[in-house]
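# Reading the structure
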Protein chains: 4
Amino acid sequence: MSMIRTDLAVEAAEFHRQQPDSALPGVTQEEWQSEGIGVTRVQITSQEGAALLEKPEGTYLTLELSAVKRREADAFQRAVHALAESLRALLPEQESKSVLVVGLGNRLVTPDAVGPRVVDQILVTRHLIAHAPEHFGSFRPVSALAAGVLGTTGLESGELVRGVIQQAHPELILAVDALAARSAQRLCSTVQLGDTGIVPGSGVGNSRQALNQQTLGVPVIAIGVPTVVEAGTLARDLTGQQGEDELSEMLVTPKDIDVQISDLSKVIGYGINLALQEGLDIPDIDLFLS
Amino acid sequence: MSMIRTDLAVEAAEFHRQQPDSALPGVTQEEWQSEGIGVTRVQITSQEGAALLEKPEGTYLTLELSAVKRREADAFQRAVHALAESLRALLPEQESKSVLVVGLGNRLVTPDAVGPRVVDQILVTRHLIAHAPEHFGSFRPVSALAAGVLGTTGLESGELVRGVIQQAHPELILAVDALAARSAQRLCSTVQLGDTGIVPGSGVGNSRQALNQQTLGVPVIAIGVPTVVEAGTLARDLTGQQGEDELSEMLVTPKDIDVQISDLSKVIGYGINLALQEGLDIPDIDLFLS
Amino acid sequence: MSMIRTDLAVEAAEFHRQQPDSALPGVTQEEWQSEGIGVTRVQITSQEGAALLEKPEGTYLTLELSAVKRREADAFQRAVHALAESLRALLPEQESKSVLVVGLGNRLVTPDAVGPRVVDQILVTRHLIAHAPEHFGSFRPVSALAAGVLGTTGLESGELVRGVIQQAHPELILAVDALAARSAQRLCSTVQLGDTGIVPGSGVGNSRQALNQQTLGVPVIAIGVPTVVEAGTLARDLTGQQGEDELSEMLVTPKDIDVQISDLSKVIGYGINLALQEGLDIPDIDLFLS
Amino acid sequence: MSMIRTDLAVEAAEFHRQQPDSALPGVTQEEWQSEGIGVTRVQITSQEGAALLEKPEGTYLTLELSAVKRREADAFQRAVHALAESLRALLPEQESKSVLVVGLGNRLVTPDAVGPRVVDQILVTRHLIAHAPEHFGSFRPVSALAAGVLGTTGLESGELVRGVIQQAHPELILAVDALAARSAQRLCSTVQLGDTGIVPGSGVGNSRQALNQQTLGVPVIAIGVPTVVEAGTLARDLTGQQGEDELSEMLVTPKDIDVQISDLSKVIGYGINLALQEGLDIPDIDLFLS
């Protein structure tokens, strides 16, 4: 049967386990807490598992950030540290690798703006290190790019990123994008990290060329936030049938999506900064009062 | 029985007519074409009709703008002229009345941004007339205000508008806001004009104090664009049952909402300018190439 | 002789003292340190002093924030606390007075954007207290408004503020605006607090109706940042003569004005929040890395 | 003697002709009218001329757009057509060459925002031609990129542009940037087109790697708008002496720079679209009422 549409490995596994014939060979799942934040690791280690979950073989970490969504007083610090810890677990060992953070998506469409808005938070150091190594030599070189939208640039995100790789030679890509989930409950309350790259625009817009080790020649860690459920997916879930055609052009998002995107962009941006740079101080932000 | 949630009088009437006992006393409906644009007028002339449709007594004009949504080559000019004609039909007779255009909604949430973005298009003349009457004396005095959002100002839109009325004494309010529809098909393809005022935020956020002749002391013409369907409404329509609770916090919007809002804000802004000022030239914009 | 153009009381006094006949009756000046930040208080206590300095009688505090301009590591915290302390010294005694923070100026012109951008940082509480007094009852009621620009609203800032006062009844106004200085050295490195109100747009645009106790009926504390020198003032300073006419339409600003405005808006916004609300935690932000 | 700082060839030539020994071998100058707009062509055809004017050998066209600055009723149409005609005179002959429009400068600093804001106006067609050649095959392929700022990306504009060239293979670059002039009178009232490329940031920020045929491998046509005079240049002009050091970090701009940048971005964007695409309709915009 045809899979229900989700970008989350954890949802795909969950959905499969609910089916009558639920064996998931080559898929393992573990859960633990980090800073009081629930973390789930799904590992897909076989071609069969990859085919069943419609996701490439690799490691997927999902953080449960409903404390951020509820804007609990200490949620910001806890989430930033948990995210940095999870991200470090996926980073290649060599500490000093240079990194390009790519924000995918459309800044003008609120549920698709998380990528560009994370880029706004990134501590960019590459130019500082080049111009004043005596002051900034201890930082890891980081550059950042909001890749823009095909409709306003005429350029695929993949073309732009490949071009930057050829010129600036980052050794690792962090790609941040909005995702589609199956469950409305997960919207803006989870973050998925994966070491298998990303297909830009799979969350909101049309699907594009993949960004991964094969297409870019360097490792790509994806950081995704489910911000939408496709209305067609919701309709099928509710009715058990294919929805109306017009719903396929519709998305379901939370009413307070602006607040959620703003908070999550800060959490993810600071989490990336903390993972990439040693000994950084993270301010103690109360999301509710920020 | 409890009404399905819609801000559109035309949908409310349509829904009621589908019910077993479908008499709609005190509600009349007419349809015609203006510049090739379909216009529907619903008039509610009795308390009974108002109660059945859950809308105040008054006149509601709905323009069918799917030509704009399809970005047909001459759609912009046709829609602007049709909208200006419909708006003029609702304007009080005295030509020179001063007007305050109020954009309701949250600029940072794409489906809720239509009000503030229409304000960006308004030809503001009040200050010009005051400072250089010899050049601008033939214009109608127009001021414009994006009322902002309670969460970032601490002020209700109604408080702000009443304050401006006390100070600047506009004789007519045009209030532009996003609306909720029942049918996904109507999203971003219709505009409703009404002479009975508006309840801000009924489309996207929480409902606030009404803006109308009773609360403000001057006539209020509302211009509304349906940009969302409440996910709970969609679920009830699909399943015939009350939806899950979490869906009540979710909205359904078109995937290309940014393009739709951008186009509609131009159409409505120029339409208002053309209705309010005599002999204005409207540029010939091809939405597809703009 | 005609005064050189400056909005800073401290510069006006300095200029006057350099003149041959330099008596400044009814003007006192004191200096001290707060959190390592230099503070100067100029008090104008006579009509003669007011006439000589072309400033109303009252108290003017100037903070020397060149540590912020140099982005020293602990400058943010020090500046926020010094600004809050100075602001508290000007606040009327009664702790719980409700406050409206007004950001004057044009968000689209970088050196004039400091007012609206401070408003973005304000902790707005009025609506929270009204809707959930059990949680927020201990906060002081604060609302905030970016007054916009006459050319795009057709409304004077003063009209808008008076209207809000009539509706929402704040008991104190804090008005934030960009100022003109005489010395390029002071640009973006000082903040002036004063208890005598403000004339909007005196920094960048055309001068408007004053906002003060006389015109608004409630006390007005002004917070001003010099971000421009008028090019005509600079030319007169350099040449000792009246400059060319075209220079009167020109402004002098720092090259890195975007960074300066961004930093100062955070310092002033957090400083206001700390002064208005008891026991607020201010995050430890390194401006250089933010 | 050391040249006074200007990016305008026409100013450099004018300045040199005022000097005692004013021979300018290998520099020719012609003037004419196009659509009532004054056009000046400076051609530098020798190394000696290039050294004297501190500009590379090539052709520089300057349009006098003070009618736009005064917002005359028909200025928009006239300026767009004159700019398109001048730009076509510099385009390589082969009509169908693909073009990348690069907007240089910082969107957040008003006088430096003209490059990114022109990009907002560009009719981008490359992706449409690729995906629907049957509808868009008659258009010239155009892509567009706002290159961002080193401080927020860690990437030089030149790196980004070279990367895009390697991936998307445009055959011609149009680079739009803010320039520095010597005379305050020219600010926002002239546009310079040149076929010798550009050094990004020479107008406002620090000077970067040149974008030209030598560094990029494809022809580069520069479109520059003088929006600032360096305060040091102004001071030297006024006093005949080197100015104070602090002035070297200051810029002089018009007070109404936001309006000027907004108008000029539209004129240049539509002018580029008209030059690049055959038979495009340009809307009849009254800048004053827009």
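Use the structure listed above.
In what follows, the accompanying structure is described. Note that the structure is a prediction, hence the values are computed from the model and not measured.

With that settled, consider the interface of chain D and chain C. In this assembly, 27 residues from chain D lie in contact with 27 residues from chain C. When chain D packs against chain C, the two sides together hide about 2300 Å² of surface, and 61% of this comes from carbon and sulfur. Contact with chain C buries surface across chain D, with D:Leu238, D:Met250 and D:Lys255 losing the most and accounting together for 28% of the total. At the junction of chain D with chain C, the criterion picks out 2 salt bridges. With a shortest N-O distance of 3.5 Å, D:Lys255 and C:Glu230 are connected by a salt bridge. Run the count over chain D and chain C and you get 11 residue pairs in polar contact (both at pLDDT 80 or more). Looking at the side of chain D that touches chain C, the elements with two or more residues in it are α11 (231-239), β9 (250-254) and α12 (257-276) of chain D. Both strand β9 (residues 250-254) of chain C and β9(D) contribute to a ladder of 5 bridges, which runs antiparallel. Looking at β9(D), one finds that C:Leu251 is bridged to D:Thr253.

Residues and elements named next belong to chain A. Counted residue by residue, strand β9 (residues 250-254) has 5 buried out of 5 residues, so it is predominantly covered. Neither face of β9 is open: one carries Met-250, Val-252 and Pro-254, the other Leu-251 and Thr-253, and all of them are buried. Pairing of strand β8 (residues 220-230) with β9, which is carried by 2 bridges, proceeds in the antiparallel orientation. Directly across from Glu-230, in β9, lies its bridge partner Leu-251.

Once that is clear, we can look at the packing of helix α4 (residues 75-90) of chain C against helix α12 (residues 257-276) of chain C. Residues and elements named next belong to chain C. Running from amino to carboxyl end, α4 crosses α12 at an angle of 50 degrees, the nearest separation of the two axes being 8 Å. Looking at the two axes, α4 sits oblique to α12. The two elements α4 and α12 meet at a crossing, and its hand is right-handed. Side by side, α4 and α12 meet where Phe-76, Ala-79, Val-80, His-81, Leu-83, Ala-84, Leu-87 and Arg-88 of the first sit next to Lys-266, Val-267, Ile-268, Tyr-270, Gly-271, Ile-272, Leu-274 and Ala-275 of the second.

The next point concerns the interface of chain B and chain A. Size of an interface, as often reported, equals the accessible area lost when the parts are brought together. The interface of chain B with chain A comprises 27 residues on the first partner and 27 residues on the second. The largest per-residue losses of area from chain B upon contact with chain A belong to B:Leu238, B:Met250 and B:Lys255, which jointly make up 29% of the total buried on that side. Here chain B and chain A share 2 salt bridges between them. The interface formed by chain B and chain A includes 11 residue pairs in polar contact (both at pLDDT 80 or more). Every element with two or more residues in the side of chain B that touches chain A is listed here: α11 (231-239), β9 (250-254) and α12 (257-276) of chain B. Taken together, the residues of the side of chain B that touches chain A break down into 15 nonpolar, 6 polar and 6 charged.

Definitions and cut-offs
Residues numbered from 1 in each chain as written. Chains lettered and ligands numbered in written order. Predicted model: local features only at pLDDT ≥ 70, side-chain atom pairs only at ≥ 80, totals over all residues. Heavy atoms only, no water. Contact = heavy atoms within 4.5 Å. Buried area = accessible area lost by both parts, 1.4 Å probe. Salt bridge = Lys/Arg side-chain N within 4 Å of Asp/Glu carboxyl O. Polar contact = N/O pair within 3.5 Å; in protein donor to acceptor, adjacent residues only side chain to side chain. Helix = DSSP H or I, 4+ residues; strand = E, 2+ residues; numbered from the N terminus. Pairing = 2+ DSSP bridges. Buried < 20%, exposed > 50% of the residue type's maximum accessible area, 1.4 Å probe, protein only. Axes fitted to C-alpha atoms, helices over the stretch in contact; angles between N-to-C directions. Parallel < 35°, antiparallel > 145°, perpendicular 65-115°, else oblique. Left-handed = near helix turned anticlockwise from the far one by under 90°. Nonpolar A, V, L, I, M, F, W, Y, C, P; charged D, E, K, R; others polar.

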